[in-house]
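Next come the chains, spelled out residue by residue.
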Amino acid sequence: MLTVQIVLFDGFDLMDAIAPYEVFCAASTYTDKSLKVELVTAEGPRPVTSGVNGLTIEAIDTLDPEREGIILVPGAAGDVEGDGPDSIPAILGKAMNTGLTTKVKAALEHKDIVIATVCGGSLLLAMGGVLEGRHAVTHHLGMDLLGATGAIPVPARVVDDGNLVTGGGVTSGLDVALYLVERELGPRIAHEIEQLFEYERRGTVWRAKGMVPSTHKSLTDNEPSIVMNQTTVISDILPNEKTQTSVFDGNWDTTIATPVGKLEVKLYITTSSNVIQGTATQGDETIPFVNPVLCDNKLTWSLPITKPMRLNLKFEVAVDGDQMSGFAKAGLLPASKLTGKRIN
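The present account deals with the structure reproduced in this document. (Residues numbered from 1 in each chain as written. Predicted model: local features only at pLDDT ≥ 70, side-chain atom pairs only at ≥ 80, totals over all residues. Heavy atoms only, no water.)

**Here's the deal with the sheet that holds strand E10 (residues 158-160)**
Part 1 of the reasoning: Strand order in the open sheet made by the eight strands is E5-E2-E1-E6-E7-E11-E10-E12, with mixed pairing throughout. The sheet terminates laterally at strand E5 (61-62) and strand E12 (206-207), the two strands that pair on one side only.
Part 2 of the reasoning: The strands that helix H5 (residues 172-185) touches are strand E1 (2-7), strand E2 (35-41), strand E6 (69-73), strand E7 (113-118), E10, strand E11 (164-167) and E12; relative to E7, the one it contacts most, it runs at about 160 degrees. (Pairing = 2+ DSSP bridges. Helix = DSSP H or I, 4+ residues; strand = E, 2+ residues; numbered from the N terminus. Contact = heavy atoms within 4.5 Å. Axes fitted to C-alpha atoms, helices over the stretch in contact; angles between N-to-C directions.)

Shown next, in the form of structure tokens:
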């Protein structure tokens, strides 16, 4: 028997979960109960409250990462903007800390288990470091954030990356479930469900197979010279910025206020031969700045972090005496305020 575990968490999106639930229940009917659908949580049986208007649904079991079949993770429903407790990033962050991503990561190691996501479900897993290097899709507003986690964003309705199948926006739950029914049980069952629901699956399912489209044109003779000119301009500017870059030098104690809690980060910045460099230390992990650039008295750089979630953050800071202020940002996540002071 094929088992489908649909994972619920507080603040989940109803359509993300219920649309696939109905598809799989219909598949069970058309296959003489050879498919079983369960609503589960990472913590165990309990009532789970959805996002937006808070409908409570009872999860009957605990997510089992070793059970053969399909594990489907929905996205969240909440505020798109802002960083309050009801914002989508905050909801996903809380779900990530329930043990859900740890169990899904373990499940991905089993070749007879398929992980499926709908909408922000892929972001939830990606923020937990589960999708690094995997092709995936999410809601169009979250594609930049998906890329910032190390996943490979693909702008398709449904993306098939072997034992990982992801869907885009909210209504893609129907498409993900119908595709999985076709893939696991055959096209006749999927077609019968389409007839029942009066819904036809949308779009071509993207897979890393076949010919690669020749859409990337070669550089023209003029384009390399443009890059060279830009490099020259930067080289000309840096020597004149020596005094300005020195105001960033030193050890800094900083705090980054993120939607999932405050991060205490120590920065070490130094300037040598007109080149500014830096490192960030969080706990026992020290990471060098990536591409630090000084412009208009502001220092910017990128930084891959792993705690509290896996993200590539973009920083922009300014200094006033021994006080530092600025922000860190990744994709659609609200910019997180950074404050700090020089300690020496």
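**Topic: the packing of aromatic side chains**
Part 1 of the reasoning: Overall, the coordinates contain two aromatic pairs when judged by the stated rule.
Part 2 of the reasoning: Ring geometry for Phe289 against Trp301: centres 4.1 Å apart, planes inclined by 5 degrees, an arrangement best described as stacked. One end of the pair, Phe289, is in the loop between strand E16 (285-288) and strand E17 (290-295); the other, Trp301, is in strand E18 (residues 298-305), with 12 residues separating them in the sequence.
Part 3 of the reasoning: Taking relative accessible area as the criterion, Trp301 reaches 2% and is therefore assigned buried.
Part 4 of the reasoning: Through pairs of rings, three or more aromatic residues link up here, namely Phe289, Trp301 and Phe315. (Phe/Tyr/Trp six-rings, centres within 6.5 Å; stacked < 30°, edge-to-face > 60°. Buried < 20%, exposed > 50% of the residue type's maximum accessible area, 1.4 Å probe, protein only.)

**Describing unusual backbone geometry**
Part 1 of the reasoning: Positive phi, close to 75 degrees, is recorded for Asn53, a residue that is not glycine.
Part 2 of the reasoning: Following the sequence through the fold, Asn53 ends up in the loop between strand E3 (46-49) and strand E4 (56-59).
Part 3 of the reasoning: Unusually for a residue other than glycine, Glu198 sits at a positive phi of about 50 degrees.
Part 4 of the reasoning: Assignment of secondary structure puts Glu198 in the loop between helix H6 (187-197) and E12.
Part 5 of the reasoning: The class of Glu198 is exposed, set by a relative accessible area of 75%.

**Digging into empty space enclosed by the protein**
Part 1 of the reasoning: Counted under the stated rule, the structure contains two cavities of 30 Å³ or more.
Part 2 of the reasoning: What the second largest cavity holds in volume is close to 90 Å³.
Part 3 of the reasoning: Forming the boundary of the second largest cavity are 12 residues, of which Val265, Ala280, Gln282, Leu303 and Ile305 lie nearest the centre.
Part 4 of the reasoning: For the lining of the second largest cavity, the elements supplying multiple residues, two or more each, are strand E14 (261-272), strand E15 (275-282), E16, E18 and strand E19 (311-320).
Part 5 of the reasoning: Taken together, the residues of the lining of the second largest cavity break down into nine nonpolar, one polar and two charged. (1 Å grid on protein atoms, 1.4 Å probe; cavity = no way out; pocket = protein on both sides within 12 Å on 5 of 7 lines; lining within 4 Å. Points joined across faces, edges and corners; volume = space filled by probe spheres on them. Nonpolar A, V, L, I, M, F, W, Y, C, P; charged D, E, K, R; others polar.)

**Brief notes about the environment of Ile88**
Part 1 of the reasoning: Following the sequence through the fold, Ile88 ends up in helix H2 (residues 88-107).
Part 2 of the reasoning: The exposure class of Ile88 is partly exposed, given its relative accessible area of 22%.
Part 3 of the reasoning: Spatially, the C-alpha atom of Ile88 lies 9.4 Å from that of Phe12, the residues being 76 residues apart in sequence.
Part 4 of the reasoning: Filtering out sequence-adjacent residues up to four positions away, Ile88 remains in contact with Ala76, Ala77, Gly78, Asp79 and Val80.

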